[in-house]
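What follows is the residue order along each chain.
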Amino acid sequence: MRIAVIGTGYVGLVSGVCFSDLGNQVVCVDKDERKVAMLRAGEVPIYEPGLKEVLVKNAEAGRLSFTTDLTEAVQQSEIIILAVGTPSLPSGEADLRYIEQAARDVALSINEYKIIMTKSTVPVGTNHKIKQLVSDLSMKPFDVVSVPEFLREGSAVKDTFNPDRIVIGTDDATAATKIIELHQQLTDNIIVTDVRSAEMIKYASNAFLATKISFINEIANICEKVGADVTKVAEGMGFDKRIGSSFLKAGIGYGGSCFPKDTQALIQIAGNVDYDFKLLKSVVDVNRDQRYSVIHKLEAIYPDLATRKVAVWGLAFKPNTDDIRDAPAIEIIQELVARGVKINAYDPIATDNFRKVVEHENITWCEGAMEAAAGADALCLLTEWPEFEKTDLSALRATMNNAVLIDGRNVFSEEELRDKSFIYRSIGRPNMNTHNDLSPLPIT
Ligand code: UDX
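A quick note: this is a predicted structure, and the numbers were derived from the prediction, not measured.

Rules used in this analysis
- Residues numbered from 1 in each chain as written.
- Predicted model: local features only at pLDDT ≥ 70, side-chain atom pairs only at ≥ 80, totals over all residues.
- Helix = DSSP H or I, 4+ residues; strand = E, 2+ residues; numbered from the N terminus.
- Rg over C-alpha atoms; globule rule 2.2 N^0.38 Å.
- Buried ≥ 20, exposed ≤ 12 C-beta atoms within 10 Å, placed from the backbone.
- Contact = placed C-beta atoms within 7 Å.
- Near = placed C-beta within 6 Å.
- Nonpolar A, V, L, I, M, F, W, Y, C, P; charged D, E, K, R; others polar.
- Domains from an automatic or database assignment.
- UniProt positions renumbered as here; feature names shortened; annotations may be inferred.
- Pairing = 2+ DSSP bridges.
- Arc of directions from axis to C-beta.
- Core = buried A, V, L, I, M, F, W, Y, C linked by C-beta atoms within 7 Å.
- Axes fitted to C-alpha atoms, helices over the stretch in contact; angles between N-to-C directions.
- Expected span 1.5 Å × (residues − 1).
- Bend = angle between axes of the 7 residues up to and from the residue.

1. Description of the overall build of the chain
Then, in step 1: From N to C terminus, the chain includes 18 helices and 14 strands.
Then, in step 2: In summary, the chain has a C-alpha radius of gyration of 24 Å against a globular reference of 22 Å for 444 residues, a match within 12%.
Then, in step 3: Taking all 444 residues of the chain together, 44% fall into the buried category.
Then, in step 4: Summarising the internal contacts of the chain: among those between residues at least 6 apart in sequence, 70% fall at separations of at least 24.

Encoded structure:
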C-alpha cells in the first residue's frame, strides 16, 4: 500500500519505518527541513534500538522516503497517517493545534479517496472533529480511522512488529477492511470498534497501567512500615492471572511522554462531561509524591543534607532511552539543588537532553558512573540502566566519601550488598535496610 505519515516524532517515524519494512511504499512528512535532511542521510534523531538499521535498509530499497512536501505525499498515497504530537496544555488538556493543522493541510491536498488514519493520542471525539474539519475544506471522498499506538520507547520497533493487539476505530466497513489488511501480518488480535471507543481504549489502557504503578508504589510505602518486601508481594500477586505480573515494579514513579500526559488528559476528558475521576487523580498525586521518597530517605540519614554532595545515577525516565520528559530525576535534582545540595549527575545517554531542561552551578555532569560517585556522601540510583546492575560495589564503596546508597529502582539484591557496609535504602524492602542506626554520619 502507499502510505504517507504526517509527523516524524516517535510514533510517526517508527510507524513509517516499520510499515515500509512490511513491503509498503511509505513517505514520511515533516515541516522541519533539518530533520528531513537528517533522516534522508540515514540519521535517526531519537535513540531507539534497531530503528536506524530498519530505516536505512528500507530507504536503500526505495520503499521509504522523507519530504517536507505534504501535498505531493498525500496525493500519491492511499492511506494518510496522522502522527503529530498532542502535548499537554497547562490545564492538562491535550493541545490539538498540531493535529488540527495537519488535518487542514491534508484536506487541502486530497485529490481522490483517502483513508485518514489517526495514530496520535487524541481525546474522545477528536476524530469526529477531524472528519468535520476535512469535509468542511474538501469535497473529495475520505474516511477517518482511529488506530491508537501502544508502542513503548526503547522497544518501539519490537513492539510495532509484535503488538499485543491492534485497535481499529471506524464507522466505515470498507476502510476497516483496508486497515485490517495493513495490519494482518502483525497479529490476529485485531479489534474493530467505533471511533470513540478506540480513542478511549488508548487512554484507559495507559491510565490503567499508571494505576498499577501507583498502586504498587503505595503498597511499597506500607511495606516499609510493616516490614514486608514489596518485590515478594508483587511476585505473589502477579501469579494471579487476573492481576498479571507486569507493571508491578515499585520505584520512584512513572515518567515519560505518555503516562503523565495521558492521565492528565483523561482527568480533563472526564471533567468536561462533569465526571470527577477521583481514582485517576489519586494515581497522579501518588506518582508525584513517590519521587520525593528518595529525598525523604536522604533526609532521614542526613539532617544536614544541604551541606552534602549527592551522586545521581540515571536521568532518563527509564532505561534504553535518552528521553527525559517528565523523568523523576528532574524534580528530584531540582529539589536537591534548591536546598543547596551539590550534585554529581551521570546517565549513559540522556545527559545532553537533561541539561537542556535543568542547569545549575551546583550540578557537575559526569562522564562515568564511578566518576559521579567519587567523593559523594550518598548515591541515588534513579534509572535502572543495565550498566548499574553490574556495579562493583566494593569499588563503589571505596570511591565514595560515605557509603550511602539510595536505590530508587530496587536494582541491588541482598546478596550483592552483603559485607559491603553500605547504608542501603530501597523502595518497599525494609528488611534490606542495612545499618539501622540512623545517626548522622560525620563529614569526613
Ligand atoms: C507507555 C506505554 O507502555 C505504551 O503502551 C504507550 O504507548 C506509551 O506509554 P513508555 O512511556 O515508553 O510507554 O514506557 P513504559 O515502559 O510503559 O514505562 C513508563 C514508566 O513507568 C517509566 O517511567 C517506568 O520507569 C515506569 N514503570 C513501569 C514503573 O515504575 N514500574 C513498572 O512496573 C513499569
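Resuming the write-up.
2. What to know about the site of the ligand
Then, in step 1: Close contacts around the ligand come from 19 residues, with Glu153, Lys249, Tyr254, Gly256 and Cys258 the closest.
Then, in step 2: Looking at the shell around the ligand element by element, the count peaks at three residues for helix α9 (residues 195-226).
Then, in step 3: Grouping the constituent residues of the shell around the ligand by class yields ten nonpolar, four polar and five charged.
Then, in step 4: The residue makeup of the shell around the ligand includes at least three contributed by each of domain 1 (2-193) and domain 2 (194-444).

3. Describing the domain arrangement of the chain
Then, in step 1: Domain boundaries assigned for the chain yield domain 1 (2-193) and domain 2 (194-444).
Then, in step 2: The C-alpha centroid of domain 2 is placed 33 Å from the C-alpha centroid of domain 1.
Then, in step 3: Across the contact, 27 residues belong to domain 1 and 25 residues belong to domain 2.
Then, in step 4: At the level of secondary structure, the elements contributing two or more residues to the side of domain 1 that touches domain 2 comprise α6 (126-137) and β7 (166-169).
Then, in step 5: Grouping the amino acids of the side of domain 1 that touches domain 2 by side-chain chemistry returns eleven nonpolar, 13 polar and three charged.

4. Focus on the UniProt feature "binding site: substrate" (unreviewed entry) in the chain
Then, in step 1: Within this numbering scheme, the UniProt entry marks Phe150, Leu151, Arg152, Glu153, Lys202, Phe247, Leu248, Lys249, Ala250, Gly251, Gly255 and Lys318 as carrying the feature "binding site: substrate" (unreviewed entry). The greatest C-alpha distance among the residues just named is 24.1 Å, and with 169 residues of sequence between them they are spread in space as well.
Then, in step 2: By the element assignment, Glu153 lies in the loop between β6 (142-146) and α7 (156-161).
Then, in step 3: Topologically, Phe247 is positioned in the loop between α10 (230-238) and α11 (259-272).
Then, in step 4: Phe247 gets classed as partly exposed once you count the C-beta atoms within 10 Å, which come to 16.
Then, in step 5: Setting aside chain neighbours within four positions, we find Phe247 in contact with Leu209, Lys212 and Ile213.

5. Section: the pairing of strand β3 (residues 64-67)
Then, in step 1: With burial as the criterion, only one face of β3 is covered, namely that bearing Leu64 and Phe66; the residues Ser65 and Thr67 on the opposite face remain uncovered.
Then, in step 2: By the bridge criterion, four bridges tie strand β2 (residues 25-29) to β3 in an arrangement that is parallel. Paired with Val27 across the bridge in β3 is Ser65.

6. So, helix α8 (residues 173-183)
Then, in step 1: Of the residues making up α8, those classed as buried are Ala175, Ile179 and Leu182. The buried residues of α8 occupy an angular sector of 50° when projected down its axis, which confines them to one face. Residues of α8 that are exposed and point more than 90 degrees away from the buried face comprise Ala173, Thr174 and Glu181.
Then, in step 2: Close packing links the buried residues of α8 with β4 (79-82), β5 (114-118), β6 and β7.

7. Describing the nonpolar core
Then, in step 1: Counting residues in each nonpolar core, the largest one holds 80 residues, and the members touching the most others are Ala4, Ile6, Ile80, Ile81, Leu82 and Val106.
Then, in step 2: Of the residues forming this core, the biggest block, ten residues, is contributed by α9.
Then, in step 3: Both domains that meet at this core, namely domain 1 (2-193) and domain 2 (194-444), each give it at least three residues.
Then, in step 4: Filtering out sequence-adjacent residues up to four positions away, Ile6 remains in contact with Gly12, Val29, Leu70, Ile80, Ile81, Leu82, Ala83, Val84, Ala102 and Val106.

8. Details of the sheet that holds strand β12 (residues 378-381)
Then, in step 1: Judged by pairing direction, the sheet is parallel, and its six strands sit side by side in the order β11-β10-β9-β12-β13-β14 without closing on themselves. Edge positions in the sheet fall to β11 (363-365) and β14 (423-425), since each of these pairs with one other strand and no more. Taken pair by pair, the neighbouring strands of this sheet meet at an average axis angle of 20°, ignoring direction.
Then, in step 2: Direction of pairing for strand β9 (residues 309-313) relative to β12: parallel, over a ladder of four bridges. Residue pairing for β12: Val310 is matched across the bridge by Ala378.
Then, in step 3: Across the sheet, helix α13 (residues 328-338) lies against β9, β10 (342-346) and β11, angled at about 155° from β10, the strand it touches most.

9. Comments concerning the UniProt feature "domain: UDP-glucose/GDP-mannose dehydrogenase C-terminal" (unreviewed entry) in the chain
Then, in step 1: In the numbering used here, UniProt assigns the "domain: UDP-glucose/GDP-mannose dehydrogenase C-terminal" (unreviewed entry) feature to residues 311-414.
Then, in step 2: Within residues 311-414, the helical portion is 34% and the strand portion 18%, while the C-alpha atoms at the span's ends are 22 Å from each other.

10. Points about helix α12 (residues 278-301)
Then, in step 1: Between its first and last C-alpha, α12 extends 35 Å over 24 residues, near the 34 Å set by a 1.5 Å rise per residue.
Then, in step 2: Within α12, the axis deviates most sharply at Tyr292, by approximately 30°.
Then, in step 3: Those residues of α12 that sit buried are Leu280, Val283, Val284, Asn287, Gln290, Arg291, Ser293, Val294, Lys297, Leu298 and Ile301.

11. Re the environment of Val310
Then, in step 1: Its location among the elements puts Val310 in strand β9.
Then, in step 2: For the pair Val310 and Leu336, spaced 26 residues apart in the sequence, the C-alpha separation amounts to 8.7 Å.
Then, in step 3: Setting aside anything within four residues of it in sequence, one finds Val310 in contact with Leu298, Leu336, Val341, Ile343, Ala376, Asp377, Ala378 and Cys380.

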